[in-house]
Amino acid sequence: MESSKFIIPEIPTSGLARNFEPPPVTIIGSFSNDSKQNFIDGAQNLKYVEFFEGTKRVFYDLNKAIDYEMYERYERDYIPRRKEANTNLAQLLQWINLHDKEFLRSRPDFVMLRSVMEKVATTSYHCRFIDYWRLGAIKKNGTIYFQQIITKEQLERKMDSIMIKPTAWGYMFKKFILADEPNEQPDPRRKVSPGVGGYAVLKTIIGGHNVLYSTKLDGVCAKEGYDLMEMNPKKHLQMLNNCHLVVLKTCSKIQQNKLQHWGFRKNKSRRWWVQGALGGVSNFVVGYRDDVTGLVRDVENIPIQDLYKKFGSGWYGETGFQFLGDFLSQVKQRVLEDETVYVFSFNRNHQMGPGFEVNFEVSDEGSQYFLSNL
């Protein structure tokens, strides 16, 4: 396997403005999946959020109707399939094959999942959540397709039993917030199979490169002046571009009192922001839970620009986007031959000087090693 290295310089933060706005994102499609990760074309699983401002008092019992033994079995059996699904492009490629005219109209330089973009962009923040990544790339008809490569150990790694309850609470919180239709109220008693999801297909420009990618949708609400009762995005996909995309988070009540803490600023806040900025998200709805009782009494709506202004002390959104753009430029210079697999990897322990060292390899295993359904 031929290999080499290149350095992406660290972007200086001196002189950068605090009002950076990420590149605009356009929704061009949507797909869903069922609990067995089967592909469904369209926004069948789209959910809706009732808009509110600031913080509101609530009484959500996140222990309500949760069978923790069932949920633990689900996590044990489902997590490996979800990890595998989250690292390959199978469903996005299915959408592309069904909507080839829209794809050709966009004709992207790169195709990938949002999670891949997030890993690369967050690298420049020295974030403890991102210490290693390995990406495969293959070129076809002028477009470079990215896919995360994970090891067998990563695929089979089980969730720590300590995390089962908070994860189940996050699943339950969505049932209190999300409704199936714009005219309905959330019903925490309704049965929702874990693993069911809705996704948006997006396009944007990063560092001069046209990128097409997919991201999971938590929920949407209409922008001012639009009525989802008249134009339901499930039937009128173009309406999604007239919606606020909302991400749901749960956070310990103890953490709520420590949101100004450097740990939140340095790691979690920038990870949330990068996820939202790349996904076209406008708002985060955060439920603050009591870790003893599982009760949520406060829910806060945080616009993404407020998250940046409030918690972005010491980091700049612009540097992550510049780093991602520089990385894509380096990739474009190296991925030259069709049907050849190129592998790019980063290990935090191998960082050299004022820059980020990326390993570059040309695989001997051929295209069957990667994106066999391309």
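Right above here is the structure, for reference.
Everything numeric in this text was worked out from a predicted model, so none of it was measured.

(A) Structural view of helix H10 (residues 317-334). Between the first and last C-alpha of H10 there are 27 Å, a value that for 18 residues agrees with the 26 Å anticipated at 1.5 Å per step. Three or more residues of H10 are buried, namely Gly 317, Thr 319, Gly 320, Phe 321, Phe 323, Leu 324, Gly 325, Phe 327, Leu 328, Gln 330 and Val 331.

(B) Expanded view of the pairing of strand E17 (residues 355-362). Judged by how many residues are buried, E17 sits mostly within the fold: 8 of 8 residues are covered. In E17, alternate side chains face the same way, and those of Gly 355, Glu 357, Asn 359 and Glu 361 on one face and Phe 356, Val 358, Phe 360 and Val 362 on the other are all buried. Alignment of strand E16 (residues 342-347) against E17, held across 5 bridges, turns out to be antiparallel. Within E17, the position partnered with Ser 345 by the bridge is Asn 359.

(C) The arrangement of the layout of surface pockets in detail. Taken as a whole, the second largest pocket spans an internal volume of roughly 670 Å³. Only strand E13 (243-252), helix H8 (262-278), strand E14 (281-289), strand E15 (295-303) and helix H9 (304-311) provide two or more residues apiece to the lining of the second largest pocket. Of all the elements, H9 adds the most residues to the lining of the second largest pocket, at 4 residues.

(D) Representation of unusual backbone geometry within the structure. Although it is not a glycine, Arg 107 sits at a positive phi angle of roughly 35 degrees. Mapping Arg 107 onto the fold places it in the loop between helix H3 (100-106) and strand E6 (110-113). With phi around 65 degrees, Glu 339 is a residue other than glycine that occupies positive phi space. Here Glu 339 lies in the loop between H10 and E16.

(E) Local environment of the side chain of Arg 289. Note that Arg 289 resides in strand E14. In terms of polar contacts, Arg 289 uses its side chain to reach the side chain of Asp 291, at 2.7 Å. In this view, Arg 289 contacts Leu 62, Pro 166, Trp 169, Thr 250, Cys 251, Ser 252, Lys 253, Leu 295 and Val 296; residues no more than four positions away in its chain are not counted.

(F) Quick look at the pattern of salt bridges. This model, assessed by the stated rule, comprises 13 salt bridges. For Glu 102, the salt bridge identified is with Arg 105, shortest N-O distance 2.7 Å. You can see Glu 102 and its partner Arg 105 sitting in helix H3, 3 residues apart, about one turn around the helix. Arg 105 gets classed as exposed once you look at its relative accessible area, which sits at 61%. Beyond isolated ion pairs, a larger network of salt bridges with shared partners links Lys 47, Asp 180 and Arg 190.

(G) Structural view of the pairing of strand E10 (residues 197-206). Along E10, 8 of the 10 residues are buried, which leaves the element largely enclosed by surrounding structure. Summarising the sheet, strand E2 (residues 26-33) and E10 pair through 7 bridges and their orientation is antiparallel. Paired with Ser 32 across the strands is Gly 198, a residue of E10. Pairing analysis gives 9 bridges linking E10 to strand E11 (residues 209-217), with the strands arranged antiparallel. By the bridge assignment for E11, Ile 205 is matched with Asn 210. Counting the residues between successive antiparallel strands, the hairpin from E10 to E11 contains 2 residues, one of them, Gly 207, with a positive phi of roughly 60 degrees.

(H) Quick look at the side chain of Asn 301. Within the element layout of this structure, Asn 301 appears in strand E15. On the basis of relative accessibility, which here comes to 9%, the residue Asn 301 falls in the buried class. A polar contact is formed between the side chain of Asn 301 and the backbone oxygen of Phe 52, at a distance of 2.5 Å. In contact with Asn 301, not counting residues within four places along its chain, are Phe 51, Phe 52, Glu 53, Gly 54, Asn 283 and Phe 284.

(I) Looking closely at helix H4 (residues 114-123). Of all 10 residues in H4, 9 are buried; the element is thus mostly enclosed. Every buried residue of H4 is listed here: Arg 114, Val 116, Met 117, Glu 118, Lys 119, Val 120, Ala 121, Thr 122 and Thr 123.

(J) Highlighting the nonpolar core. Ranked by internal contacts, the top residues of the largest apolar core, which has 65 residues, are Met 112, Phe 146, Trp 273, Phe 327, Leu 328 and Phe 344. Looking at which element gives the most residues to this core, the answer is H10, with 6 residues. If sequence neighbours within four positions are ignored, Met 112 has contacts with Leu 89, Leu 92, Met 117, Phe 146, Val 211, Leu 212, Tyr 213, Ser 214 and Leu 328.

What counts and what doesn't
- Residues numbered from 1 in each chain as written.
- Predicted model: local features only at pLDDT ≥ 70, side-chain atom pairs only at ≥ 80, totals over all residues.
- Heavy atoms only, no water.
- Helix = DSSP H or I, 4+ residues; strand = E, 2+ residues; numbered from the N terminus.
- Expected span 1.5 Å × (residues − 1).
- Buried < 20%, exposed > 50% of the residue type's maximum accessible area, 1.4 Å probe, protein only.
- Pairing = 2+ DSSP bridges.
- 1 Å grid on protein atoms, 1.4 Å probe; cavity = no way out; pocket = protein on both sides within 12 Å on 5 of 7 lines; lining within 4 Å.
- Points joined across faces, edges and corners; volume = space filled by probe spheres on them.
- Polar contact = N/O pair within 3.5 Å; in protein donor to acceptor, adjacent residues only side chain to side chain.
- Contact = heavy atoms within 4.5 Å.
- Salt bridge = Lys/Arg side-chain N within 4 Å of Asp/Glu carboxyl O.
- Core = buried A, V, L, I, M, F, W, Y, C linked by side-chain atoms within 4.5 Å.

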